[in-house]
Structure formats: structure tokens, C-alpha cells
Amino acid sequence: MALRGKVALVTGGAQGIGCAVVESLLKNEAKVSIVDLNQEVGEKCKKQLDEQFGVGNCSFIQCDVTDAAKLQEAFQSTVDQFGRLDIVINNAGINNEKNWEKTIEVNLTSVIKGTYLGLEHMSKEHGKQGGVVINVSSMAAFFHSPHQPVYTATKHGVIGFSRAMADASEHGDYGVRINTLCPAFVDTPLLHSVELEENMGKFVKFKDDFKHRMRKFGVLTPSLVAEGMMMMITDSRLNGAVMKITCSKGIHYHTYEPLSA
Ligand SMILES: NC(=O)C1=CN([C@@H]2O[C@H](COP(=O)(O)OP(=O)(O)OC[C@H]3O[C@@H](n4cnc5c(N)ncnc54)[C@H](O)[C@@H]3O)[C@@H](O)[C@H]2O)C=CC1
Ligand SMILES: CCCCCC(=O)/C=C/[C@H]1C=CC(=O)[C@@H]1CCCCCCC(=O)O
């Protein structure tokens, strides 16, 4: 998929991994709608990107992805402003084992809603031109740990949902590819939440082991994660793919045993 003239919507695009992806998309001449809860950081991000890439190539929409009506409005506003939608990155995520219900709402329920909204605006079943959805999971879906049980559960769910939807899209000829990205530790503000009792609750006592794993496995840069994201956006062969990004193996794909006859 050549990106010039394509339109992308990135949730959680104001900082961290999302911001790195937004920058990569703009570098490739896509138009981008940044959807994020954080008004201040989002407006600052847009101002910087306008200076770097010119005004009119990106927009910022303040939106809590757990507010279904607001998320629907964000998708519609994106199509109203840029005329189409081709790429959806369901990236927004939190790490809160105290308010674990919120973690499920943001990390899984909103990814499902964002995928369905993406299909409404991109799927051939709705008379649209097709597109691609990338849902952000984590290597926590492959290496469980005592630190973040609900975060881990949500990231497992993202993979299962995305792979099932990729099958549905293929069988239903939606024309929309649905892929999953699973980074290991990435140097963003989210990573530092593992040391906070307000985020981790009783699991904060395991933070030393978590920090040991960070030292052992290394910490990725957001730009490498964005590089992997761009590969899954542009490679039209990929549907149902699960990309893993680690310090030891770099960008690679998880392989699943084929269903036995
Ligand atoms: N940082 C890491 O080590 C890893 C992060 N991930 C995943 O990558 C994704 C991005 O995480 P980071 O960039 O690290 O985090 P971050 O905290 O730096 O950025 C997340 C962005 O999402 C926004 N956000 C949070 N809740 C929201 C809501 N309800 N509605 C709209 N926007 C909301 C925040 O305002 C923030 O701008 C998340 O899904 C996270 O689980 C996956 C593996 C490792
Ligand atoms: C809230 C912070 C986000 C952290 C998300 C994450 O990816 C956590 C992953 C770790 C949780 C328990 C683990 O052991 C995971 C380590 C994943 C790194 C695995 C790298 C393996 C390799 O390099 O071969």
C-alpha cells in the first residue's frame, strides 16, 4: 500500500509509540487523525507535526476511546475532514491493575470498537474501498508475569480477536487486513507505570523482578516499533499476522501450528 493520499486514524497517537507511528505515516505522505485522551499533549504534538510536515496533514481529536459515542464521532470527523479512511491503528492502552476494569475497557473493548468502526468506514461490505487495521498487543501475551495479570489478559485478547477478525474479513471479502503488533518493553511513559502503586496495586511488590526483566531483555525505541507498524501497513500480503518486536530478535512474526485436518 503506497501511503501518499491515504488517511490514517491513530488512537493514543499523542505520545509514545502512537506518536512515533503518526510521524512515520506523515513522513510517507499520509494524512493522519490523532485521537487521544490528553488534550494538552495532543495539541502540542499536532503543533510540532504541523511545523515539521506542514499544516493540513494531521488533525488532533480529543477523545476517550472508552466513550463509544465520542469514538464514533472521532472516526466520522476524520472521514469528514480528509474524505476517506484507509488505516486504523488501535494503539491507546493503559497499565492499571488497581482499576483493572478500566484497563479492559481501554486495552480490549475499545480495540474491538475501533476495529468495528474501521470496518464501517473501510469494508467492502459497506461499499467502501478496503484498508488495514493494526491492533496493538504486547509481548506480555507470550511471556506471562505476576506483575500485570489483567494487562496480560487484555493483550492476549487483542491477538485472539484480531486473528479471528482477519479470518472473518477474508471469508467475508471485506477487503480489510487486520494485523497485530506485539512489542516487548518500549521506552515510553507507560513503561514507568510499573513502579507505581497507584497503577500496580498489590502487584507493585513484584516491580524489582519486572525491572530485572527489562535489564535482561532490553528496552526498544518507539521508532523501531513504528518501523514494524509501517511494514504491516504497507505489505498487502499480511492479514492475521502477529508481529513480535524484541531486542534479541528484532522485528519477526509469530508462527502458529496449522489446524490439523
Ligand atoms: N511501553 C511499552 O513497554 C509497551 C507498550 N505496549 C502497548 O503500546 C500501546 C501504546 O503504549 P505506549 O506508547 O507505551 O504508552 P503511552 O502511555 O506513552 O501512550 C499511550 C497514549 O494513549 C493515550 N490514552 C490512554 N488512555 C486513553 C483513552 N482512554 N482514550 C484515548 N487515548 C488514551 C494516552 O493519553 C497516551 O497518549 C499500548 O497499547 C501499550 O499497551 C505494548 C508493549 C510494550
Ligand atoms: C506496562 C508496561 C508495558 C509492558 C508490556 C510488555 O511488553 C511486558 C512484557 C513482559 C511481561 C513479562 C515478561 O517477561 C515480558 C517480557 C517480554 C520480553 C521478551 C523478550 C524475549 C526475547 O528477547 O527473546
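Report on the accompanying structure. Small disclaimer: the values here were computed from a predicted structure and weren't measured. (Residues numbered from 1 in each chain as written. Chains lettered and ligands numbered in written order. Predicted model: local features only at pLDDT ≥ 70, side-chain atom pairs only at ≥ 80, totals over all residues. Heavy atoms only, no water.)

### Description of the side chain of Thr66
Following the sequence through the fold, Thr66 ends up in the loop between β3 (58-62) and α3 (68-82). Side chain to side chain, Thr66 and Asp64 meet in a polar contact 2.7 Å long. Contacts of Thr66, omitting those with residues within four sequence positions, involve Lys102, Glu105, Val106, Ser110 and Lys113. (Helix = DSSP H or I, 4+ residues; strand = E, 2+ residues; numbered from the N terminus. Polar contact = N/O pair within 3.5 Å; in protein donor to acceptor, adjacent residues only side chain to side chain. Contact = heavy atoms within 4.5 Å.)

### As for the pattern of salt bridges
Two side chains with opposite charge may pair up if their charged atoms get near one another. Per the stated rule, a full pass over the model turns up 9 salt bridges. Asp173 is the salt-bridge partner of Lys124, the closest N and O atoms lying 3.8 Å from each other. Taken together, the positions of Lys124 in the loop between α4 (100-122) and β5 (131-136) and Asp173 in the loop between α5 (149-172) and β6 (176-183) put the pair 49 residues apart, joining distant regions of the chain. Look at Lys124 and you get partly exposed, because its relative accessible area is 44%. (Salt bridge = Lys/Arg side-chain N within 4 Å of Asp/Glu carboxyl O. Buried < 20%, exposed > 50% of the residue type's maximum accessible area, 1.4 Å probe, protein only.)

### Re empty space enclosed by the protein
Per the stated rule, a full pass over the model turns up 1 cavity of 30 Å³ or more. Around the largest cavity, the lining residues are Thr11, Val65, Leu71, Asn90, Asn91, Ala92, Val106, Ser110 and Val111. No other element matches α4, which puts 3 residues into the lining of the largest cavity. A per-class count over the lining of the largest cavity returns 5 nonpolar, 4 polar and no charged. (1 Å grid on protein atoms, 1.4 Å probe; cavity = no way out; pocket = protein on both sides within 12 Å on 5 of 7 lines; lining within 4 Å. Points joined across faces, edges and corners; volume = space filled by probe spheres on them. Nonpolar A, V, L, I, M, F, W, Y, C, P; charged D, E, K, R; others polar.)

### Brief notes about the nonpolar core
Soluble globular proteins: nonpolar side chains tend toward being buried together. Residues Leu25 and Ile233 are the most contacted members of the largest nonpolar core, which totals 35 residues. For this core, the leading source of residues is helix α1 (residues 16-27), giving 7 residues. When sequence neighbours within four positions are dropped, the list of residues in contact with Leu25 reads Leu3, Ala8, Val10, Ala30, Val32, Ile87, Met230 and Ile233. In terms of nonpolar packing, the next biggest core, distinct from the first, is built from 25 residues, Leu9, Leu71, Val106 and Met122 among them. (Core = buried A, V, L, I, M, F, W, Y, C linked by side-chain atoms within 4.5 Å.)

### Describing the site of ligand 2
The immediate surroundings of ligand 2 are formed by 18 residues, with Ser138, Phe143, Ser145, Arg213 and Ser248 found nearest. One of the side-chain nitrogen or oxygen atoms of Arg213 is found 2.6 Å away from an oxygen atom of ligand 2. In the environment of ligand 2, an oxygen atom lies 2.6 Å from a nitrogen or oxygen atom belonging to the side chain of Ser248. For ligand 2, whose free accessible area comes to 620 Å², the fraction covered by protein is 94%. (Near = heavy atom within 4 Å. Areas by Shrake-Rupley, 256 points an atom, 1.4 Å probe, with all protein chains shown as cover.)

### Overview of the site of ligand 1
Residues in close proximity to ligand 1 total 28 residues, the closest being Asp36, Asn91, Tyr151, Val186 and Thr188. A distance of 2.8 Å is found between an oxygen atom of ligand 1 and a backbone nitrogen or oxygen belonging to Asn91. In the environment of ligand 1, an oxygen atom lies 2.7 Å from a nitrogen or oxygen atom belonging to the side chain of Tyr151. Computed on the free molecule, ligand 1 has an accessible area of 830 Å², of which 94% lies beneath the protein chains in the complex. Looking at the shell around ligand 1, the elements with two or more residues in it are α1 and α5.

### Here's the deal with the pairing of β3
Burial analysis of β3 places 4 of its 5 residues in the buried class, the great majority of the element. Summarising the sheet, strand β2 (residues 31-36) and β3 pair through 5 bridges and their orientation is parallel. Paired with Ser33 across the two strands is Ser59, which belongs to β3. Running through helix α2 (residues 39-53), the crossover from β2 to the neighbouring parallel element β3 is right-handed. (Pairing = 2+ DSSP bridges. Right-handed = clockwise from strand over helix to strand, strands pointing away.)

These figures come from the coordinates and say nothing about function on their own.
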